[in-house]
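# Summary of the model geometry
Next come the chains, spelled out residue by residue.
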Amino acid sequence: MITVPTTDENIKMDSRFRKFDVNEIRKDFPILGREVNGKPLVYFDNAATTQKPNVVIDSMVHYYKYENANIHRGLHFLSEVATEQYENARLKVKEFINAMSVSEVIFTSGTTDGVNLLANTMCRADMLNEGDEIIISHMEHHANIVPWQLLCDRKKTVLKVIPINDDGEIIMDEYKKLISPKTKLVSIVHTSNTLGTINPIKEVIDIAHDNNIPVLIDAAQAVAHQKIDVQELDCDFLVFSGHKLFGPTGIGVMYGKAELLNKLPPYQGGGDMIRTVTFEGTTYEDIPNKFEAGTPNIVGGIGLGVAIKYLNMFSFNDISEYENELLKYATEQMLDINGIRIIGTAERKASVISFTVDGIHPYDVGTIIDTDGIAIRTGHHCTQPIMKRYNVTATARASFAFYNTKDEIDVFIKALYKVLKIFG
Ligand SMILES: Cc1ncc(COP(=O)(O)O)c(C=O)c1O
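Predicted model only: the values in this text are computed from it and were never measured.

Rules of the game
Residues numbered from 1 in each chain as written. Predicted model: local features only at pLDDT ≥ 70, side-chain atom pairs only at ≥ 80, totals over all residues. Helix = DSSP H or I, 4+ residues; strand = E, 2+ residues; numbered from the N terminus. Buried ≥ 20, exposed ≤ 12 C-beta atoms within 10 Å, placed from the backbone. Expected span 1.5 Å × (residues − 1). Contact = placed C-beta atoms within 7 Å. Core = buried A, V, L, I, M, F, W, Y, C linked by C-beta atoms within 7 Å. Axes fitted to C-alpha atoms, helices over the stretch in contact; angles between N-to-C directions. Parallel < 35°, antiparallel > 145°, perpendicular 65-115°, else oblique. Left-handed = near helix turned anticlockwise from the far one by under 90°. Nonpolar A, V, L, I, M, F, W, Y, C, P; charged D, E, K, R; others polar. Pairing = 2+ DSSP bridges.

Cis geometry is found at the peptide bond from I287 to P288, where omega equals 5 degrees. Relative to the assigned elements, P288 resides in the loop between strand 12 (282–284) and helix 11 (298–311). Positive phi is not limited to glycine here, since F246 has a value of about 70 degrees. Along the chain, the position of F246 falls in the loop between strand 9 (237–241) and strand 10 (252–256). According to the C-beta neighbour criterion, F246 is buried, with 28 such atoms within 10 Å. A positive phi angle, near 55 degrees, is found at H381, a position not held by glycine. H381 sits in the buried class, given 23 other C-beta atoms within 10 Å.

On to helix 5 (residues 111–124). Spanning 14 residues, helix 5 covers 20 Å between terminal C-alpha atoms, matching the ideal 20 Å at 1.5 Å per step. Structurally, helix 5 contributes buried residues whose contacts are with strand 4 (105–108), helix 6 (146–155), strand 7 (183–189), strand 8 (215–218), strand 9 and strand 10. Downstream of helix 5 by one or two residues, D126 has phi in the positive range, about 60 degrees.

We now examine the nonpolar core. In terms of nonpolar packing, the biggest core is built from 112 residues, with V215, A219, L238, V253 and Y255 touching the most fellow members. Per-element tally for this core: the top contributor is helix 11, with eight residues.

Put simply, helix 13 (residues 362–370) and helix 15 (residues 406–423) touch, their axes get as near as 10 Å, and they point 120 degrees apart. The pairing of helix 13 with helix 15 is recorded here as oblique in orientation. As helix 13 packs across helix 15, the resulting crossing turns out to be right-handed. Touching V365, I368 and I369 of helix 13 are A415, K418, V419 and I422, all from helix 15. When grouped by side-chain class, the residues that make up the contact of helix 13 with helix 15 number six nonpolar, no polar and one charged.

Strand order in the open sheet formed by seven strands is 4-10-9-8-7-5-6, with mixed pairing between adjacent strands. Sheet topology places strand 4 and strand 6 (158–162) at the edges, where each strand pairs with a single neighbour. Between one strand and the next, the sheet's axes are offset by a mean angle of 20 degrees, whatever the strand orientation. Where strand 4 and strand 10 come together, four bridges link them in antiparallel fashion. Paired with T108 across the two strands is G252, which belongs to strand 10. Packed onto the sheet, helix 4 (residues 77–97) meets strand 4, strand 9 and strand 10 and runs at close to 115 degrees relative to strand 4.

Okay, here's the thing in C-alpha cells:
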C-alpha cells in the first residue's frame, strides 16, 4: 500500500512572502537550467507562453497520481477531493483578480475561448444585433478580431477600429469619436503582445461606461506582469490564459460581472451545466456552471490555482520594477545597433520588444540566434493588422519574464551582433 502525501507536502510550497531574488526564482523553473544547442537556454518567448515552476508541475503530477477523479458528479472520496481542488482554484482566481464572487469566474480553455464564448452568447442574448457596433483597437491579437468578424458575418454587426499612433498607442480622441448610440461593446487588449503597449484601460472603460457600453478586456499579456483588479477597473468582462501566467496550457478564465453573466445564455450544452433535462426542455445551472459544459480541464484548473499561489508570494511592484529594468537595459543596447528598428515605442510599455534588422529577415535572425540557445519569436505574432500598420511582414520579438536576467540580455545582444556580422 502506498502512503499518499498531501498536496501541500508534495508541492512543498510555503505561502510566505518572498524577497525578489532572480537567482532563487530561477531555481523554481527546471527548464531554465537546460541547454539548447549546447548553450544555456535563454528563454525570451514569454509573450507566447511562460515556463512553469516545479510547484505547478508537481501539483499536476500529484493530482494524476493520487487524486484523479471526475468532479461535481460523484459522492465518493476522490471525486470530492478533485472537486475541492478544482473549486479552490476558482477561489484563487477570484482573489487574484479581486472578483466579487467565485460565480463570476468561468473556466475556459484560454483567452481565445473566452472571447468566442462572449461573442456567441452576447449575440444569442440579443445584446448584439444587426447594425450594432463593436469597438476594438488596431493592436488586437487575432483572438480579439476574428470572433467578432465571425459574428459580423452572422449577425451583420459592424466592427470599428481605434487607430494607433506611430509609437503604438491608441488615439483616445479617435476612440471617443467612434462611440455612437449603436456601440454595444468595447473589446480591447490591456497590453499588446506585439508592441508591448500598456493601454490606458481605466480611461477606456470609464469613457465607455459614460455611454452605457460594456467593456471586455483581453488581459492575456497583463496578468503575469501587473496587478489586475477587476473591481477597481470596473471592467464588465476580462479574459486571460493560464499558460501565460506560469500555469498549464488548455486552461483560461473569463471573468464577467454576475448581473451580465446572468443575462447570457449558455455557451455549449452538455453535462454539468444543466439542472433538469427532459425531451420537452432543459433548465440550466446558475453561473459559473452554466458556462462550463462537460468534463473540464480539471488538472489545468488545479495547476493554474497553484501558479497563482506561487505568484502571490511575490509583489507585483517588485516584478514590474524588475521587468522594466530588463526592458530598459535591452532597449538601450538594441538602439545602439545599426539597422535595428524597434516597433512599439509607447511611453507605457511592458517587457516586449518587437524589432526588425535592416536587410535581414526576422526568420533568419530567429534561426541564427537559436543556434546560441536563444528562444525568441518571429512572425506576425497573430497581429497581422499591426504588421500592415508598420509596413512589415514580420518582426522578431523578445519578451521577458521575471526569471530573465541582464546576463541573458548580454548573450542576446552578442548574438544580434553575430547576425549582423554573418549578413554584413
Ligand atoms: C494579447 C493576446 N490576446 C489573446 C491571445 C490568445 O491567447 P490563447 O492562444 O492562449 O487563447 C494572446 C496569445 O498570444 C495574446 O497575446
